[in-house]
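Descriptive analysis of the structure
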Amino acid sequence: MSNLPQFKDIELSDKEWADPLLAVSDYRATEYCFTTLYIWAGMFGTRIARYRDWLLIRSDGDEGCANYIFPAGSGDVQEVLRILEEDAEAIGRKPVFWATAGTKELIEKAFPGQYELTPVRKSFDYIYETDRMISLTGKKYQPKRNFISRFKTQNPDWSYERILSDNPSECSSQLKECLAMTDEWCALNGCLHNESMQMEACAVRIALRDFVALGLKGGILRSGGRIVAYTIGERLNSDTFIVHVEKAFSDVTGAYPMINQCFLAHEASGLRYVNREDDAGDEGLRKAKLSYNPVLMLEKYLAVRR
């Protein structure tokens, strides 16, 4: 048991060693982003460990289970998966692996017929072509162009600005404004009465608090000097940008497509894809994400031993 990896709470300092292992795998799923793991750790009980050249990720599962995201890094896949099975046994739980299209085949190869893999639709990531998200060309995007036109017409004094991470004073001021906007947004949308919205708001506040240390990018949309939308993201892997946070006031017509277009044009134009994460099973969010016409849905699976 002493030779098993020692899982620990995620700290900002772990980014230094975790990022290179994530980069080796070059996966496009949101779970393979340090920021995602870090800002949601408290909500999911996520802990990490290093085993040789692997990043191991464990979170709370259903009663009697421990969830392990398929490891990021390099080495003997069967060996590292067996180590995770042993870890689950050591803490008295049943191992459940969280896999994506591509990694599920590695589980099946390592343990032929031993795990049942079930797709989890609410966790599928929405992947888009960056150029299309910026240009919004074609019939499918006509509604988005119309909303942006209405935003510009109704907000003639609108402006877009980057969150200036290289200017400590200005960045701090901008992040405080985003935090205040988040609090106002939550009050308007009833976060206090919705557990999932409370969890999301908590993750957003952590991202804002540690924005610079996490190396994040951000953009702010204003009307008359007032923030009406903001967003946060970063490069995820070699060809994909990920959007972690996007907030806009629903009574400001077109604010959502406007902040999305401006942000990606400034921060993601050199990358092929944009990952806008999953819909968590929320029908309204699912409809909104499908309206942008994803080029692919990145499938996620739970692998449970038979």
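What counts, and where the lines are drawn
Residues numbered from 1 in each chain as written. Predicted model: local features only at pLDDT ≥ 70, side-chain atom pairs only at ≥ 80, totals over all residues. Heavy atoms only, no water. Helix = DSSP H or I, 4+ residues; strand = E, 2+ residues; numbered from the N terminus. Buried < 20%, exposed > 50% of the residue type's maximum accessible area, 1.4 Å probe, protein only. 1 Å grid on protein atoms, 1.4 Å probe; cavity = no way out; pocket = protein on both sides within 12 Å on 5 of 7 lines; lining within 4 Å. Points joined across faces, edges and corners; volume = space filled by probe spheres on them. Nonpolar A, V, L, I, M, F, W, Y, C, P; charged D, E, K, R; others polar. Pairing = 2+ DSSP bridges. Contact = heavy atoms within 4.5 Å. Axes fitted to C-alpha atoms, helices over the stretch in contact; angles between N-to-C directions.

With that settled, the discussion passes to unusual backbone geometry. Phi at Leu136 is positive, roughly 55°, even though this residue is not glycine. Relative to the elements of secondary structure, Leu136 occurs in the loop between helix 5 (130-135) and helix 6 (142-154). What makes Leu136 buried here is its relative accessible area of 1%. For Ala280, which is not a glycine, the phi torsion comes out positive at approximately 55°. Here Ala280 lies in the loop between strand 12 (273-275) and helix 10 (283-290).

Next up on the list: the layout of surface pockets. In this model, the second largest pocket occupies a volume close to 170 Å³. Together, 13 residues line the second largest pocket, and Asp19, Leu22, Tyr32, Arg235 and Leu236 are the ones closest to its centre. Listing elements by their share of the lining of the second largest pocket, those giving two or more residues are helix 1 (15-25) and strand 10 (226-235). Per-element tally for the lining of the second largest pocket: the top contributor is helix 1, with four residues. Grouping the amino acids of the lining of the second largest pocket by side-chain chemistry returns seven nonpolar, one polar and five charged.

Moving on to the pairing of strand 2 (residues 47-51). For a regular strand, side chains alternate in direction, first toward one face of the sheet and then toward the other. Across two bridges, the pairing between strand 1 (residues 8-9) and strand 2 is antiparallel. If you follow Asp9 over to strand 2, its bridge partner there is Arg47. In this structure, strand 2 lies alongside strand 3 (residues 54-60), joined through five bridges in antiparallel fashion. Residue Ile48 lies in a different strand from strand 3, and its bridge partner there is Ile57. Taken together, strand 2 and the strand that follows it, strand 3, pair antiparallel across an intervening segment of two residues, in which Arg52 is found at a positive phi of about 55°.

As summarised here, the arrangement of the seven strands in space is 1-2-3-4-5-14-6, forming an open sheet in which the pairing is mixed. A strand with exactly one partner marks an edge of an open sheet, and here the two such strands are strand 1 and strand 6 (115-119). Sheet topology places strand 3 next to strand 4 (residues 65-73); six bridges connect them, and they run antiparallel. Counted as the bridge partner of Asp60 is Ala66 from strand 4. On the sheet, helix 1 packs against strand 2, strand 3 and strand 4 and is oriented at approximately 75° with respect to strand 4.

Just geometry here; none of it tells us what the structure is for.
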